[in-house]
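This is what each chain is made of:
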Amino acid sequence: MNKIKLLLFIGLLSLILSVNAQPYVTKYKWSKDGNSYFTINKNEIEEVSLPEQTMKIIVSTKELTPADSLKPLVLEDFNISNDGNKILIYTNSKKVWRYHTRGDYWIYDITSKKLSQLGKGLPIASLMFAKFSPDGYKIAYSSKHNMYVEDIASHKITQLTTNGSDRMINGTFDWVYEEEFGARDGFRWSPDSKKIAFWQVDARNIRNFLMIDNTDSIYSFVKPVEYPVVGQVPSAVKIGVANISSKKITWMKIPGDSREHYLPRMEWADDNSIVAQQLDRKQQNSILYLANSTTGIAKSFYKESNHTWVDIKSRWHDDNPMGWDWIENGKAFLWVTEKDGWRHIYRVDRTGKEKLVTNGPYDILDMIAVNEKEGYVYFLASPDNATQQYLYRTKLDGSGKAERLSPMDEEGTHNYDISPNGNYAEHSFSNANTFPIKDWVMLPSNKIIGQKPIIRSIPKDAPHVKYIHITTDEGVTMDASVTMPTNFDSTKKYPVVFYVYTEPAACTVKDSWGNGRDFLYDGDMQADGYIYISIDSRGTPSPKGTAWRHSIYKKVGILNIQDQYEAAKKVMQWPFVDTSRVAVWGWSGGGSTTLNLLFQHGDVYKTGISIAPVANQLTYDNVYEERYMGLITDADNTYKKASPITYASGLKGNLLLMQGSGDDNVHYQNSEMVINALIKYNKLFTFMEFPNRTHAISEGEGTREFLSNLYTTYLKEHCPPGAR
């Protein structure tokens, strides 16, 4: 595989994994004391001791072979009981929407060396989010939207809920909670193993969106997706606590109309109470409640408001809303808010009293570990460069300044998975011009333990990604990545390709491996003679303060389009840019941006390639749209003004529109709506449907190769490469 194909492969792989990977699954699990970790290697479970990194097999392939089978179970994930004697094995997984979150679970007893399956009598591959009780005697799981508890010794199964259906969902979530809140695992064991708290989603009033499958049988059939579009009243969601012995369910009496608020987070506070977060429908008011698990009585103790929106944990913790960061034996916890203009960590106690822990004009990017014994909280941040990421720590009591722990000579993006005792971490590092490096380190020194990582060098003739600032005439300064053509000659003129996303869900300008290079281009884009640029405009989740991120409220499709256009005009002033050859492309929200730019600003953008765009914002889900755009009943709503379809009559250049007809996220109707508008205005364009493919357009033999080929061929034809 040559270097360019390698770049393409890595880019495609990262995109595919971001859509189809199982959430929260890591390739290893920390031991309770943090001095070792467990990992899957060659379909066996190994324990690796630190710092020596000595290895021993805990469960062999032979031990993973059921008595009535000649083949071992294929390990996809595992968990270990608190006492370390039993291992919960996940296998035969199936995809639910975009993640493999249902499958079969087995128990392996290390002492007796007995392997047994859970959920016998329930449908194959129907179990979801199985987990040990804290005392290690039982397993709870969801199956077909009902909750079950199974005794490990006897395998007696107790059904806790009986009303589960595709619209009455117990112990997991509907489509929109998964997509927009990162909520999938919908139940929690109490610390004393006597109760289970779970979410119940009543989606009976949510309409189905109907997708038609024309390829999997001779007669087409309908695939209904329960999908609440913007403006539709949310599903009613409540939290119940089931007593395991009596099977009695007590519903938490959280105030308010359950159809007009969201409950994105819930965890146990102690043996008899839970803590839950409630957001109002516009997601501008967050209230934390402590609820008595026996009486259901809930009392608020901490409130936060914002005239735009309030982010939840999944927005600053890798799309994972699980867990509550308790400290001081449950008397207080760590909480993240943007209330002072920056995303900071606060200590909050059960009365709502708060104290700032991180202090200064910077955002945390992620809170990743707490070491109470040493009195530190570890977090990721980059105070001086919004495109980068480093590990910091600061005192839990808020005293002192943040201390950078990542090596000073490694500029770029660092990630850490820190052991429970805070002594060790798996560390990864890369930048746009450095291959990813992984090693094991001791903290806080960041000293490498065990074998040093293999450092691979990019070939000398590989294009170098540069990071620059672009300031518009309005005084807005934006980060941009720029990759110049190989053998660049400043006396000649080159075509420019802009890669865009520009919405609140993601940044495109990051100093990490794979950034600044076109993962969809088939070939060597820089050798062919293209300038490749991406710009993070206002509203992207850059660590530049609350005002930067929230400036896009009610302006998604407006402010970001203005910023991109104004920045592009600055690029057009570069003397080596051929203004007759300017292309823009993007996927999903980037596809929407592409349409808006092409339809409204044909003076700059001559060619656009739009993949799976939201052409009409009224078609997208209520949680996302109402968070960033407000309600459609608001007198000042801007949904029409922000939607690309409004400007279809303005198309002047070349447009390639692509989408999968099986897209359950951005529905295929978006393409059909914009096609109708373009026909109405007699605007010629090119369209490619990918039959029955999802939002990732990754399913089916040859799909990725074809997509890359079509993209590259169209770009070369309508925005020819090379110097002139």
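- Looking at an unreviewed UniProt entry, one finds the protein named S9 family peptidase and attributed to Arachidicoccus soli.

**Description of the sheet that holds strand 42 (residues 654-660)**
So, point 1. Taken together, the 8 strands give an open sheet; going across it, the order is 36-37-39-38-40-41-42-43, and neighbouring strands pair in mixed fashion. Since the sheet does not close on itself, it has two edges, and those belong to strand 36 (465-471) and strand 43 (686-690), each with one partner. When the angles between neighbouring strand axes are averaged without regard to direction, this sheet yields 20 degrees.
So, point 2. Relative to strand 39 (residues 531-536), strand 38 (residues 494-499) runs parallel, the two being bridged by 4 bridges. Paired with F498 across the strands is I533, a residue of strand 39.
So, point 3. Where helix 10 (residues 703-718) meets the sheet, it contacts strand 38, strand 40 (577-587), strand 41 (607-611), strand 42 and strand 43, and its direction lies at approximately 170 degrees from that of strand 42.

**Notes on the side chain of S286**
So, point 1. Tracing the backbone through its elements, the reader meets S286 in strand 22 (residues 285-292).
So, point 2. Here the side chain of S286 touches Q277 through a polar contact of 3.0 Å, side chain to side chain.

**Things to note about the pairing of strand 39**
So, point 1. In terms of burial, strand 39 is largely enclosed, as 6 of its 6 residues are buried.
So, point 2. Taking every second residue as pointing to the same face, both faces of strand 39 are buried, with I531, I533 and I535 on one and Y532, S534 and D536 on the other.
So, point 3. Examined bridge by bridge, strand 37 (residues 477-483) and strand 39 share 5 bridges and lie antiparallel to one another. In the strand pairing of strand 39, T483 is matched with Y532.

**Things to note about the nonpolar core**
So, point 1. Membership of the largest hydrophobic core comes to 51 residues, with the highest contact counts inside it found for Y177, F181, I239, I254 and I274.
So, point 2. No fewer than three residues from each of domain 2 (160-323) and domain 4 (465-718) sit in this core.
So, point 3. Leave out the neighbours within four places in its chain, and F181 touches V176, Y262, P264, L279, Q283, I312, S314, P321, V623 and R627.
So, point 4. Formed by 39 residues, the second largest nonpolar core is a distinct cluster that contains V476, M484, Y605 and A677.

**A few points about the domain arrangement of the protein**
So, point 1. Assigned domains within the protein: domain 1 (20-152), domain 2 (160-323), domain 3 (344-449) and domain 4 (465-718).
So, point 2. Using C-alpha coordinates to define each centre, domain 1 is positioned 42 Å away from domain 4.
So, point 3. Counting the surface lost from both domain 1 and domain 4, the interface buries some 250 Å², and carbon and sulfur atoms represent 25% of this.
So, point 4. On the surface where domain 1 and domain 4 come into contact, there are 1 salt bridge.
So, point 5. Put simply, R98 and D664 hold a salt bridge, and the shortest N to O gap is 3.0 Å.

**Some points on the environment of P66**
So, point 1. In this structure, P66 sits in the loop between strand 4 (54-59) and strand 5 (77-80).
So, point 2. Between the C-alpha atom of P66 and that of Q117, which follows or precedes it by 51 residues, the distance is 8.9 Å.
So, point 3. Once you skip the residues sitting within four places of it in the chain, P66 turns out to touch K71, L73, W106 and L115.

**Let's talk about the UniProt feature "domain: Dipeptidylpeptidase IV N-terminal" (unreviewed entry) in the protein**
So, point 1. Under the present numbering, the feature "domain: Dipeptidylpeptidase IV N-terminal" (unreviewed entry) in UniProt falls on residues 81-434.
So, point 2. Split by type, residues 81-434 is 2% helix and 49% strand. Its first and last C-alpha atoms lie 39 Å apart.

**Considering the sheet that holds strand 2 (residues 36-41)**
Backbone hydrogen bonds are what pair the strands of a sheet, in a parallel or an antiparallel way.
So, point 1. The 4 strands lie next to each other as 1-2-3-4, forming an open sheet whose pairing is antiparallel. Here the strands that pair on one side only, and so sit at the sheet edges, are strand 1 (28-30) and strand 4. In this sheet, adjacent strand axes meet at a mean angle of 25 degrees when their direction is disregarded.
So, point 2. Looking at chain direction, strand 1 and strand 2 are connected through 3 bridges and run antiparallel. Of the residues in strand 2, the one forming a bridge with K29 is F38.

**Thoughts on a nonpolar patch on the surface**
So, point 1. The grouping of L210, I212 and V222 at the surface amounts to a nonpolar patch, some 280 Å² of accessible area in total.
So, point 2. If you trace the backbone, V222 turns up in strand 17 (residues 221-226).

**Observations regarding the packing of aromatic side chains**
Any two aromatic rings considered together are summarised by their centre-to-centre distance and by the angle between their planes.
So, point 1. Tallying each qualifying case throughout the model produces 40 aromatic pairs.
So, point 2. Geometrically, the ring pair formed by F435 and W513 is tilted, given 4.5 Å between the ring centres and 40 degrees between the ring planes. Taken together, the residues F435 in strand 34 (residues 434-442) and W513 in the loop between strand 38 and helix 3 (525-528) connect sequence positions 78 residues apart. Comparing F435 with W513, the two get one shared label, buried.

**What about the side chain of K29?**
So, point 1. On the secondary structure map, K29 appears in strand 1.
So, point 2. With sequence-adjacent residues up to four places away left out, K29 is seen in contact with S36, Y37, F38, D77, F78 and N79.

**Regarding the packing of helix 5 (residues 559-572) against helix 6 (residues 589-600)**
So, point 1. Two elements in contact, helix 5 and helix 6, have axes separated by 10 Å at closest approach and are oriented at 60 degrees. You can see that helix 5 and helix 6 cross each other, and the crossing is right-handed. Facing N560, I561, Q564 and Y565 of helix 5, the residues of helix 6 in contact are T593, N596, L597 and Q600.
So, point 2. When the residues that make up the contact of helix 5 with helix 6 are grouped by side-chain class, the tally is 3 nonpolar, 5 polar and no charged.

**Focus on the pattern of salt bridges**
So, point 1. All chains considered together, the criterion is met by 32 salt bridges.
So, point 2. Close ionic contact of R281 with E626 constitutes a salt bridge, the shortest N to O distance being 2.9 Å. Residue R281 is found in the loop between strand 21 (273-280) and strand 22, and its partner E626 is found in helix 7 (residues 622-629); the two are separated by 345 residues along the sequence.
So, point 3. Look at R281 and you get buried, because its relative accessible area is 10%.
So, point 4. Given a relative accessible area of 0%, E626 falls into the buried group.

Conventions used here
Residues numbered from 1 in each chain as written. Predicted model: local features only at pLDDT ≥ 70, side-chain atom pairs only at ≥ 80, totals over all residues. Heavy atoms only, no water. Pairing = 2+ DSSP bridges. Helix = DSSP H or I, 4+ residues; strand = E, 2+ residues; numbered from the N terminus. Axes fitted to C-alpha atoms, helices over the stretch in contact; angles between N-to-C directions. Contact = heavy atoms within 4.5 Å. Polar contact = N/O pair within 3.5 Å; in protein donor to acceptor, adjacent residues only side chain to side chain. Buried < 20%, exposed > 50% of the residue type's maximum accessible area, 1.4 Å probe, protein only. Core = buried A, V, L, I, M, F, W, Y, C linked by side-chain atoms within 4.5 Å. Domains from an automatic or database assignment. Buried area = accessible area lost by both parts, 1.4 Å probe. Salt bridge = Lys/Arg side-chain N within 4 Å of Asp/Glu carboxyl O. UniProt positions renumbered as here; feature names shortened; annotations may be inferred. Patch = residues over 30% accessible without salt bridge, like charges linked within 9 Å, V, L, I, M, F, W, Y side chains within 5 Å. Areas by Shrake-Rupley, 256 points an atom, 1.4 Å probe, with all protein chains shown as cover. Phe/Tyr/Trp six-rings, centres within 6.5 Å; stacked < 30°, edge-to-face > 60°. Left-handed = near helix turned anticlockwise from the far one by under 90°. Nonpolar A, V, L, I, M, F, W, Y, C, P; charged D, E, K, R; others polar.

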